[in-house]
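# Notes for the structure review
Listed below are the residues making up each chain.
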Amino acid sequence: MLTREENQRLTQVGPGTPMGTLLRRYWHPVGTVTELDKTPVMPVRILGEDLVLFRNEQGALGLINGRCAHRGVSLEFGMPEEKGLRCPYHGWLYDRTGQCLEQPAEADGKGFCQKVQLKAYPVEELGGLVWAYLGPAPAPLLPRYDLFVHEDYERSIGITRSLPCNWFQMMENSLDPVHLEYLHGIFYNYVLKRQGKAPRATVRHHLRIGFDVFELGIIKRRILEGQTEESDEWKIGHPILFPNMLAVGDYALPEFQIRVPIDDTHTQYYWYRCKPREENAPKQMTIPVWDNPYQDENGHLIVDTINGHDLTIFIAQGAIADRTTERLGTSDAGVVLLRKLFREQLEKIERGEDPMAVVRDPAKNRIINVPREHKAHYTISGDFYAKDKSVEISGQW
């Protein structure tokens, strides 16, 4: 178990907090290109800060403080122009750096303008996502992970919006292999039985689990009943990319899951799914975006899908999991390792060093290939993606 102070150190993400300072050393998705093409101004809340993302009439991206410096009006209602974003209230105009360029009602508008500047952050596009860096200069390179840059995949982006819980319990779940057996197996069949349906999960017991730290994060490994150390689940495993990304699936249907802290008690969850592009098919020009809800139209948590299982468990731990009362066992070795790794990275930035998985070498960033199973195991009989209701309702394929 952790002390109250240790739990806060791992979960608080606002400006000036230890974890908030660490997370600001990385790039995070703050929106999708597809959504921004439809709505060129979008409110963004990330790491406890309220911002606004916009694309000006020249096509350049900006991410600035979410409220006008004049009277505090939300700039989500701003009007994008050639030079920047104009407040709808009195017409103050801000460029991508947050610098005020015009104040139409002020006689000495130019002189006053120079004294007004909103906070602004760098933004870049990659893989259909819009990424932001909220940390100190110089900004590291935006990591070019394989799924974001390979041209032989078609992609879709799912979003679970404002999940009402802390991001860190999601990352701990990623280092908990045995929940596959119970949550996505035994519990899944129980839920289906309650609905009068036949079981769909093939439950296989974990014989062995293992974890290895590598330069980008942690590799999670397992051996299930019927498997040996020659199985991909053990030889290759699948990685958690520091600080907040999980890679799952195999070469046929790979996926990234990205957990972006909105604030201490809310998280934006991105599901970045890929499938091989058919031979001679045209290059995908627009990446579809779909909602992955955590509750149904009646407000009930969704418990009969693979995605819904995880989302329900995240919420069921509370807005911020109380780690002062937990009782960890040997099967929680991955959770213990993750906490240790985060503590080590916090110590690094306190010493003025870059934490792990920060990329600054352009030669290493041409493409970063992620370890991935050639054939991954799923608990669901048949086609996992086609039969998972959480995918069917999205309609992304």
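A brief look at the structure comes next. Quantities reported herein were computed from a predicted structural model and do not represent experimental measurements.

So, about the overall build of the protein. From N to C terminus, the protein includes 12 helices and 19 strands. Against the compact-globule benchmark of 21 Å for 397 residues, the protein has a radius of gyration of 22 Å, which places it among compact chains. In terms of its C-alpha atoms, the protein occupies a principal-axis envelope of roughly 80 × 50 × 50 Å. A total of 397 residues make up the protein; the buried ones form 54% of that total. Looking at the protein alone, contacts between residues at least 24 apart form 61% of all its contacts between residues at least 6 apart. Here the protein displays about 18,000 Å² of accessible surface, and carbon together with sulfur accounts for 51% of that area. One finds the centroid of the 47 positive side-chain charges in the protein at a distance of 1 Å from the centroid of its 54 negative side-chain charges.

What follows deals with unusual backbone geometry. For the bond from Ala137 to Pro138, the omega torsion is -5 degrees, close enough to zero to count as cis. Position of Pro138 among the secondary structure elements: in the loop between β11 (129-133) and α5 (146-149). That bond from Phe242 to Pro243 is cis: its omega, 5 degrees, falls within 30 degrees of zero. Following the sequence through the fold, Pro243 ends up in the loop between β15 (238-241) and β16 (245-248). Of note in the backbone geometry, Leu47 takes a positive phi value of approximately 50 degrees without being a glycine. Residue position: Leu47 is located in the loop between β2 (41-46) and β3 (49-55).

Before going further, it helps to spend a moment on the packing of helix α7 (residues 179-194) against helix α9 (residues 306-316). At a minimum axis separation of 10 Å, α7 and α9 run at an interaxial angle of 110 degrees. Relative to α9, the element α7 lies roughly perpendicular. Of the two elements, α7 crosses α9, and the hand of that crossing is right-handed. Within the contact between the two elements, α7 uses His179, Leu183, His184, Phe187 and Tyr188 and α9 uses Ile306, His309, Asp310 and Ile313.

What counts, and where the lines are drawn
Within each chain, residues carry numbers counting from 1 in the order of the written sequence. Only residues with pLDDT of at least 70 are given local features in this predicted model, and only at 80 or more are side-chain atom pairs given and counted; all residues enter the totals for whole chains, interfaces and linings. To obtain the side-chain values, all non-hydrogen atoms of the structure were included, while hydrogens and water were left out. Strands are runs of DSSP state E lasting at least two residues, helices are runs of H or I lasting at least four, and both sets are numbered from the N terminus onward. Radius of gyration here is computed from C-alpha atoms only, and the compact-globule reference equals 2.2 Å multiplied by the residue count raised to the power 0.38. Type-normalised accessible area, obtained with a 1.4 Å probe on protein chains alone, sets the label of each residue: buried when under 20%, exposed when over 50%, and partly exposed for intermediate values. The criterion used for residue contact is that any of the two residues' heavy atoms lie within 4.5 Å. Note on areas: these come from Shrake-Rupley sampling with a 1.4 Å probe, and a residue is covered only by the protein chains present in the view. Note that His is not counted, nor are the chain ends; the positive residues are Lys and Arg, and the negative ones are Asp and Glu. The atom standing in for a charge is NZ when the residue is Lys, CZ when it is Arg, CG when it is Asp and CD when it is Glu. To obtain each axis, a line is fitted to C-alpha atoms, and for helices this fit is confined to the stretch in contact; angles are then taken between N-to-C directions over 0 to 180 degrees. Reported orientations rely on four angle classes, namely roughly parallel under 35 degrees, roughly antiparallel over 145, roughly perpendicular from 65 to 115, and oblique for the rest. By definition, turning the near helix anticlockwise from the far helix through less than a right angle yields a left-handed crossing, and turning it clockwise yields a right-handed one.

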